[in-house]
Amino acid sequence: MEKIFDNTQIAFSLKSDTELERAYFLFRLIDNQPLVRIGTAVTNFAIKAHLPVEGLIRATVFDHFCGGVNEEDCLPVVDKMYTKGVSSVLDYSVEGKEEEAQFDAALEMTLKTILFAEERQAIPFAVFKPTGFGRFELYEKLGEGQTLNAQEQAEWERVVQRFETVCQSAHAKNVALLIDAEESWMQDAADDLITEMMRKYNKEKAIVYNTLQMYRHDRLDYLKKLHKLAQNEGFYIGMKVVRGAYMEKENNRAEEKGYSTPICASKAATDLNYDAAIRYMLDNIDKMAIFAGTHNEASSYKLIELMEERKIKRGDERIWFGQLYGMSDNISFNLAVNGYNVAKYLPFGPVRDVMPYLIRRAEENTSVAGQTSRELTLIKTERNRRKRK
Ligand SMILES: Cc1cc2nc3c(=O)[nH]c(=O)nc-3n(C[C@H](O)[C@H](O)[C@H](O)COP(=O)(O)OP(=O)(O)OC[C@H]3O[C@@H](n4cnc5c(N)ncnc54)[C@H](O)[C@@H]3O)c2cc1C
């Protein structure tokens, strides 16, 4: 197959030379593991101590990985990317909040992004995180089959109501809604609730999308069971398919508590599992819709190949590719130029509140086993190409 993702000219076509240099500088910094570790500790300390580091964070990592501090800030970025056919998913990336007022604020923000999506072709999806709408421990307790006390029960009913409100709004406005997946020990309760929403709002097509983390070895079976249920009850399945972002946490907890880890035995096993889920969904695409959230080139090529084999047209509305803003532009922009549906998660929120998100991005872009990170390699290739011109 033609290696379309190698074209760095298309990948970075929106970046001026200065912007490319800035990205080069940034990724050289975060390529260095000890530096990222120290940088993370110092930044966390500085933020807690209310030191004025926000300007520095904004000028470096924040502006590279985020659309802005609020949803309005993101719009110029959304429009710019859309000139190249790349869509956006506005992602309110405030994490780790545990109070009712904050859950209500996340609800309001999600409703607002549904409105944005309704009004703009460039924004095909809205998104939220289950723990944005309710306390982690509540999901955990329910998932473990524990009985909630009266107060917790009332609290859970408010969580259900928040899910209801956004799903109903998404359905009424015909906007597809992605729901992120998190740690396995809270996910069961979220899955049950999301299935309930699919049952209700996916009668004509996939509006509500859950997320399958394919680093979990039980997820293909989960998908197959859900498929049976959907066939029996007559609803469509929407799924974002990812590998999963909490591997270390999962493995550490399993070891601490003495149960066997839910994570696949190796990276290769996760890769196979990922492609198997995509294949299964494509084989049943008449009743399913896929959002392939991945930076993995092989998986993206695989999806292209499987679509071709099945004669599914490139712009089919049931199949989307997704990457994160600030990463893997070689995949996103080359997919778009070749007629595939592609959307980038565009995070936004106050600088200090999106720090956990930014730290995850910095960590995943440090060099692994002496190899330069993938992003840095791409940026270097494009710098050299421009110099040779
Ligand atoms: C648009 C989008 C949305 C996302 N939404 C979510 C979400 O809702 N929930 C979520 O958890 N993550 C989400 N992610 C992150 C995603 O799960 C991955 O962490 C990230 O994309 C890296 O995986 P990859 O497929 O891009 O590629 P790769 O770089 O090929 O894969 C890295 C991944 O492989 C797995 N892996 C690595 N080493 C091993 C090993 N030794 N054994 C088993 N598995 C291993 C891990 O999952 C690791 O993250 C999202 C990513 C994108 C692009």
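Let me sum up the structure you'll find in this document. (Residues numbered from 1 in each chain as written. Predicted model: local features only at pLDDT ≥ 70, side-chain atom pairs only at ≥ 80, totals over all residues. Heavy atoms only, no water.)

Let's shift gears to the pairing of strand β5 (residues 237–242). As a general feature of sheets, a regular strand has side chains that alternate between the two faces. Of all 6 residues in β5, 6 are buried; the element is thus mostly enclosed. Of the two faces of β5, both are covered, the one formed by I237, M239 and V241 as well as the one formed by G238, K240 and V242. Bridge count between strand β4 (residues 208–213) and β5: 5 bridges; the pairing is parallel. Residue T211 lies in a different strand from β5, and its bridge partner there is K240. As a crossover connection, the stretch from β4 through helix α11 (residues 219–233) into β5 is right-handed. (Buried < 20%, exposed > 50% of the residue type's maximum accessible area, 1.4 Å probe, protein only. Helix = DSSP H or I, 4+ residues; strand = E, 2+ residues; numbered from the N terminus. Pairing = 2+ DSSP bridges. Right-handed = clockwise from strand over helix to strand, strands pointing away.)

Close to the ligand lie 27 residues, the nearest being K240, G244, T270, T294 and H295. Here an oxygen atom of the ligand sits 2.9 Å away from a polar atom, N or O, in the main chain of A245. Contacts to the ligand include H295, whose backbone N or O atom sits 2.7 Å from an oxygen atom. For the shell around the ligand, the secondary structure elements donating two or more residues are β4, β5, α13 (267–283), β6 (288–293) and β7 (319–324). If you tally residues by element for the shell around the ligand, the top one is β7, at 3 residues. Residues that form the shell around the ligand fall into these classes: 11 nonpolar, 11 polar and 5 charged. (Near = heavy atom within 4 Å. Polar contact = N/O pair within 3.5 Å; in protein donor to acceptor, adjacent residues only side chain to side chain. Nonpolar A, V, L, I, M, F, W, Y, C, P; charged D, E, K, R; others polar.)

Running from amino to carboxyl end, helix α8 (residues 136–143) crosses helix α9 (residues 150–173) at an angle of 100°, the nearest separation of the two axes being 11 Å. Considering their axes alone, α8 and α9 lie roughly perpendicular with respect to each other. Between α8, through L138, Y139, K141 and L142, and α9, the contact on the second element is made entirely by E152, E155, W156, V159 and F163. Split by residue class, the contact of α8 with α9 holds 6 nonpolar, no polar and 3 charged. (Axes fitted to C-alpha atoms, helices over the stretch in contact; angles between N-to-C directions. Parallel < 35°, antiparallel > 145°, perpendicular 65-115°, else oblique. Contact = heavy atoms within 4.5 Å.)

Moving on to the environment of K287. Tracing the backbone shows K287 in the loop between α13 and β6. For the pair K287 and N202, spaced 85 residues apart in the sequence, the C-alpha separation amounts to 9.9 Å. Sequence-distant contacts of K287, that is, excluding residues within four places in its chain, are made with Y236 and I237.

With that settled, the discussion passes to the nonpolar core. Of all hydrophobic cores here, the largest spans 83 residues; its most connected members are F163, M239 and L282. Looking at this core element by element, the count peaks at 9 residues for helix α10 (residues 184–201). Each residue touching F163, except ones within four places of it in the same chain, is listed here: F128, P130, F133, Y139, I179, L193, I194 and M197. The next biggest cluster of nonpolar side chains, apart from the first, holds 41 residues, and it includes A11, Y24, F65 and Y209. (Core = buried A, V, L, I, M, F, W, Y, C linked by side-chain atoms within 4.5 Å.)

The next subject is the sheet that holds strand β1 (residues 87–92). Around the barrel, 8 strands lie side by side as β1-β2-β3-β4-β5-β6-β7-β8; this closed barrel has parallel pairing. When strand polarity is set aside, the average angle formed by the axes of neighbouring strands in this sheet is 30°. Bridging between β7 and strand β8 (residues 342–348) involves 4 bridges; their strand directions are parallel. Bridging from a neighbouring strand, F321 pairs with V342 of β8. Sheet strands touched by helix α5 (residues 71–82): β1 and β8. Its angle to β1, the strand with the most contacts, is close to 160°.

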